[in-house]
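The chain contents come next:
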Amino acid sequence: MRWPIALLATIAVLSFVASPLGAALGLDPNAVDLAGRLAGASLPHPLGTDELGRDVLQRLLAGGRVSLSIGIAAALAAAAFGTLVGLVAGYCGGWTDRILMRLTDAIIALPLLPLLIVLAALDLKKLGVPAALARSDNVSLLRILALAVLVSWTTAARLVRGATLVTRNRDFVRAARSLGAGVPYILRVHILPNVLAPLIVATTLSVGDVILLESVLSFLGLGIQPPLASWGTMLSNAQELMTSAPLLAVYPGMMIFMTVIACNLLGDALQQRLAAARAFAPN
Amino acid sequence: MPGRGRFPLLGRLVCALAVALLAGSPGRAAQHDSLTIGVTQFPATLNPDIDAMAAKSYVLGMTLRPFTVYDADWRLVCLLCTRLPSLDNRLAVPVDLGSGKKGVELTYQIRPDAKWGDGVPVTTADVLFTYQVGRDPQSAVANAEFYRRITSIDVKDDKTFTLHVDKLTFDYAAINDFVLLPAHLEREAFADPAQYRVRTHYRTDPTNPGLYNGPYRISEVATGSHLLLEPNPYWTGPPPPFRRISVRAIENTAALQANLLSGAIDMVAGELGLSIDEALAFDKAHGGAFRVLYKPGLTYEHVDLNLDRPALADRRVRQALLYGLDRAAISNSLFAGRQQVADSFVNPLDSGFTGDTPRYPYDPARAASLLDAAGWHPQGGAVRRNAQGDSLSFELMTTAGNRTRELVEQVLQSEWRKLGIDIRIKNEPARVLFGETLPHRNFDMAMYAWISAPEDVPRSTLYSTEIPNAANGFAGQNTPGFKSPAMDRLIDAAEIELDPAKRQTLWAEMQRLYATELPSLPLYFRSDAFILPKWLSGVRPTGNQYPTTLWITDWKAQP
Amino acid sequence: MLRFAAVRLIEIAALLVLMSFLIYGLLGLMPGDPIDLMRQADPRIGAADVARLKALYGLDRPLLVRYLNWAGQALQGDLGYSRLFAAPVWSTLLAPLGNSLVLMGSSFVAALGLALPLGVAAARRPSSRLDGAINLACFASVSLPTFWLALVLILVFAAGLGWLPASGLAAAGAGGVADRLRHLALPVATLTLANAGFYTRYVRAAMRDALAQDHIRTARAKGAREARVILHHALRSALIPVTTIVALSFGGLVSGALVTETMFAYPGMGKLIYDAVMGNDYNLALAALLFAAATALLANLAADLAYGWLDPRVTYR
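Computed from a predicted structure; not experimentally measured.

Attention shifts here to the overall build of chain C. For chain C, the count of helices and strands is 13 helices and 2 strands. The buried share among the 317 residues of chain C stands at 56%. Once local pairs closer than 6 in sequence are excluded, the contacts in chain C between residues at least 24 apart make up 73%. As displayed, chain C offers around 13400 Å² of accessible surface, 67% of which is attributable to carbon and sulfur atoms.

The interface is formed by 41 residues belonging to chain A together with 44 residues belonging to chain C. Interface area, chain A with chain C, both sides summed: about 3700 Å², of which 78% is carbon and sulfur. Scanning the region where chain A abuts chain C turns up 3 salt bridges. Between Asp268(A) and Arg201(C) there is a salt bridge, with the nearest N and O atoms lying 3.2 Å from each other. Here chain A and chain C share 6 residue pairs in polar contact (both at pLDDT 80 or more) between them. When residues of the side of chain A that touches chain C are traced back to their parent elements, those giving at least two are α3 (94–109), α4 (112–120), α8 (183–219) and α10 (247–280) of chain A. Ranked by residues supplied to the side of chain A that touches chain C, first place goes to α10(A) with 12 residues. For the side of chain A that touches chain C, the residue count by class is 28 nonpolar, 7 polar and 6 charged.

So, about the confidence of the model for chain C. For chain C, the mean per-residue pLDDT works out to 80, and 86% of the residues sit at or above 70. This complex was scored by the predictor with a pTM of 0.79 and an ipTM of 0.80.

Across the interface, α3(A) lies against helix α1 (residues 2–28) of chain C with an axial gap of 12 Å and an inter-helix angle of 70 degrees. The pairing of α3(A) with α1(C) is recorded here as roughly perpendicular in orientation. Contacts from Arg98(A), Arg102(A) and Ala106(A) of α3(A) reach α1(C) at Val7(C), Arg8(C), Glu11(C) and Leu15(C). Of the residues assigned to the contact of α3(A) with α1(C), the class counts are 3 nonpolar, no polar and 4 charged.

Simply put, the disulfide is a covalent bond whose two ends are the sulfur atoms of two cysteines. Counting across every chain of the model gives 1 disulfide over all chains. Between Cys78(B) and Cys81(B) runs a disulfide, and the two sulfur atoms are separated by 1.8 Å. Because the torsion about its S-S bond is -100 degrees, the bridge between Cys78(B) and Cys81(B) counts as left-handed. With no disulfide of its own, Cys138(C) lies 17 Å from the sulfur of Cys263(A), the closest cysteine sulfur. Its relative accessible area of 4% is what places Cys138(C) among the buried residues.

On to the packing of helix α5 (residues 89–124) of chain C against helix α12 (residues 269–278) of chain C, then. Residue and element names in this part refer to chain C. Interaxial distance between α5 and α12 falls to 8 Å at its minimum, and their mutual angle equals 140 degrees. In terms of orientation, α5 and α12 fall into the oblique class. Of α12, the residues touching α5 (which contributes Thr92, Leu93, Pro96, Leu97 and Ser100) are Met269, Gly270 and Leu272. Among the residues making up the contact of α5 with α12, the classes are represented as 5 nonpolar, 3 polar and no charged.

With that settled, consider α12(C). Residues and elements named next belong to chain C. For α12, a buried count of 9 out of 10 residues is recorded, marking the element as mostly surrounded by other parts of the structure. Here α12 has its buried residues at Met269, Gly270, Lys271, Leu272, Ile273, Tyr274, Ala276, Val277 and Met278. Where α12 ends, the next residue or the one after it, Asn280, has phi of about 55 degrees, a positive value.

Residues and elements named next belong to chain B. In spatial order, the strands read β4-β5-β7-β6; together these 4 strands make up an open sheet with antiparallel pairing. The sheet terminates laterally at β4 (92–98) and β6 (150–155), the two strands that pair on one side only. Neighbour-to-neighbour, the strand axes of the sheet open up by a mean angle of 20 degrees, direction not taken into account. Its contacts with the sheet put helix α3 (residues 124–135) on β6 and β7 (160–165), and the angle it makes with β6 is roughly 160 degrees.

Residue and element names in this part refer to chain B. In terms of burial, helix α11 (residues 315–323) is largely enclosed, as 7 of its 9 residues are buried. Here α11 has its buried residues at Val317, Arg318, Gln319, Ala320, Leu321, Leu322 and Tyr323. Here α11 starts with a cap whose side-chain oxygen sits 2.9 Å from the backbone nitrogen of Arg316, and that cap is Asp314.

Conventions used here
Residues numbered from 1 in each chain as written. Chains lettered and ligands numbered in written order. Predicted model: local features only at pLDDT ≥ 70, side-chain atom pairs only at ≥ 80, totals over all residues. Heavy atoms only, no water. Helix = DSSP H or I, 4+ residues; strand = E, 2+ residues; numbered from the N terminus. Buried < 20%, exposed > 50% of the residue type's maximum accessible area, 1.4 Å probe, protein only. Contact = heavy atoms within 4.5 Å. Areas by Shrake-Rupley, 256 points an atom, 1.4 Å probe, with all protein chains shown as cover. Buried area = accessible area lost by both parts, 1.4 Å probe. Salt bridge = Lys/Arg side-chain N within 4 Å of Asp/Glu carboxyl O. Polar contact = N/O pair within 3.5 Å; in protein donor to acceptor, adjacent residues only side chain to side chain. Nonpolar A, V, L, I, M, F, W, Y, C, P; charged D, E, K, R; others polar. pLDDT = per-residue confidence, 0-100. Axes fitted to C-alpha atoms, helices over the stretch in contact; angles between N-to-C directions. Parallel < 35°, antiparallel > 145°, perpendicular 65-115°, else oblique. Disulfide = S-S within 2.5 Å. Pairing = 2+ DSSP bridges.

Dropping the structure here:
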């Protein structure tokens, strides 16, 4: 449990601190230097330079910031959305529950990549979004976020629905209701605490999934646009130079790998702690 | 031991599989009697007249002969005909059509030995049939403009025919788009014109030898993967150099390079292969084992400037933008000097090229003074502003996913930033850029390329009535919005001027006007990179849009 | 159980109809137009030709009208023509479908072949070093980006060592089974390595739960041999969650693996769907997507029905 946390924390801290620190020091990860393209490791460039002469280390850290932000934001948003759906389904029951659960099952069962491609390639202008907004940097980030949430909310929904079903018929909940407690209170005080732990596990695991999803979308050209760096775009840019400058692909690939595996290990360790705690906790 | 029963069988199976896999490796061929070409696109349809696609032209270059093409020296040559009609040999006769319009009658003779792959000779019946297909509005022929200009065809005998064209242009003899369809096979498929594109033999029976009249015929089609070509038994020209040619489609360029290194493919086609910077990187790392040829071509990379934007309407700003770019340095560092800096839209190899157009060497000081003169001042900040307080900032767009262009974009952004111009990069997929943004002119600056033929008069790109707008259904290609009566006159005159010397003057004038007004910023002419095995010779990159495969019979394998 | 199945079938049908409407609408929201795409390749196609071609392909009518036309024809069994390949949709689907079934099927079998023994081995010795190592390997497999893995395999085994072909379906010309197997080796290896981790963890978790159950202890106490305990008793109850993964993978059998197919130039369903979507080929994209969805949903239903058979404790409302 310790070293995945340590690894994740190091990566996260370095990524998020690097950009403001770099800006303060006058370093620019986007600084093009045509004379020094594809250079090897040297003192000002510890990891070498890429195809435009930009420092690989700086871009790696800047890209880390983007990839991690998307990962964490999407995981949290997916958890929130999933929780909402699960609560509504579990609490209301009946047809609402049935329809929502069928929808959840469908999304879990369906092959998602082709659908994601369609969604990622949409022209927002046809939806009525004004042209200036449709082309801004933020929109491409928001688009990836939306797609990632669309893919990841189902686990949370199922968890929360299950917990809600179990809890809502308990005596103390009935008692609270008869005393006039409102639905939000019951949700917040009685249902959520039971479901929080597995939810945290699921969210941690989905951070890794979102980072992988972002890299696939960038590989297909539907992800982040240049010059904004992310590990996914660095990886897909470097793959064309794989036979001539393989290290350019190794670095972002390693970063993706380490972050995702750390998330997965962390989630797994949390899960084991949870199972152990449950075995000993009363009821 | 528990569980022992399961594994030995599994183990034996795995061993057998491994042996089968490794034992099947082919030895390297000592005789190079076959060639495998790697391309990045698979031709979805094979009918020469329906759906325009570069991969299709490449493959059909080996199997179908067009009447005329421009060769590697950019001269018009006859492939399927015997003689080019000209005014001198009186095979081209100008006709007065009344009200000042001039047409022309062109007489061609099909080569007497031309035969389809099933032995049926190529005759004027095929000419008439192809004409019928081309003119039918329901046949889904993509470029029907060519057929509309031919008002009628007279047939003299089995091999000779006369075209009546409604306009006399300087390139009257070029009927490069006229690729014949075999009437004896396709006539039944054309019984219902609306169904032709579905029932054409090129789709239902692509390996039928009667569909091809070139040195090769297509003998196997594995959709999405590869095509096999074998010599056409009825070909009477120079002998086909290879017993078999295989064209493999591998869209991912990194995988294409890996295939090249592993020997699965012998060569990469320049027309549909690696981008120039990938080829350069590959050349640097592995060039010793291959021959890499670079040929500058007709693809004119440029940045269109939307002349309706107030800042860009000022010619001084446009010239400053060009002075502020060190295009020679970009070409040298990104492309090892292999992509020639352009001064206008005319390629130096083109016969219309003139050397004395205004040049714009890298001169940031001059650029800065031009911007000052135009009213844009630094005012203490990083970005220049004018008197009204507007900042000098633009959006630069190009096709997303095209790495070379993205690289160049980022260089442009950083160079212009030094001049105090703020550039925001907004890329769009090609389909959006070409389908909507450019026709609707929702851009500030757009970087992309034109592909043209030698001596191609720039009517659709520079004529004032070709500005895409609601009135013409957004169909023109004058996306900057360039309106110049002088240019219109020059274009009109150049199209019908038959005297080469006078035409040269007109072209020189056009280039001077273009380079002074700068509706677009010329960047460079894109080069194609051909990666060939050392044992292959005779491949002559053409540099124009007619593929190298049209001259496949010149290719030779040295043992 | 029959009633349960019938109700689910109706739900699946309803879902497919809803999906078809959504996908058609989404495709309509894709930028550009098939004819505009054609214009890119040949700039000399003028306005008159564009209008003519659009009318010819029926692209000038409103989206809803086109959808209703498609729906009407589809219900009669006519899936229409693919604009990209100028062929009936069903015949365009056949070859890539076969290729995908072969590719996905073999990698699924291979991955399961790795997952079952590894998962069982890990479950039998919980918290041992073997268990830890297998667990770590699983996480590694799940955390690798597939296209990176594909490229590494190509570079090492094809370009570097030259043992296996880097791409394609089969060598041009005759080929034969051995040749097809050689071309399948690297793509199958990629997919197996990418998926084995996921399956192994599933099997491991299922086996651990199964081994901890009471009836296992009873069987052991009664003196049954360890192999029989595992194979007969534990595996049987572990099969229930394993059925889940089989069902979940069924959709993948038909929808292919886009990234792997692109890297290895393997003409399968994944690539076909991508090309159809990007090429705005409504008929083909819709048919392929709905087919993949229908397969996935039906497999899910089959899995649920299988639970009822495998686990006598489960009953259906």
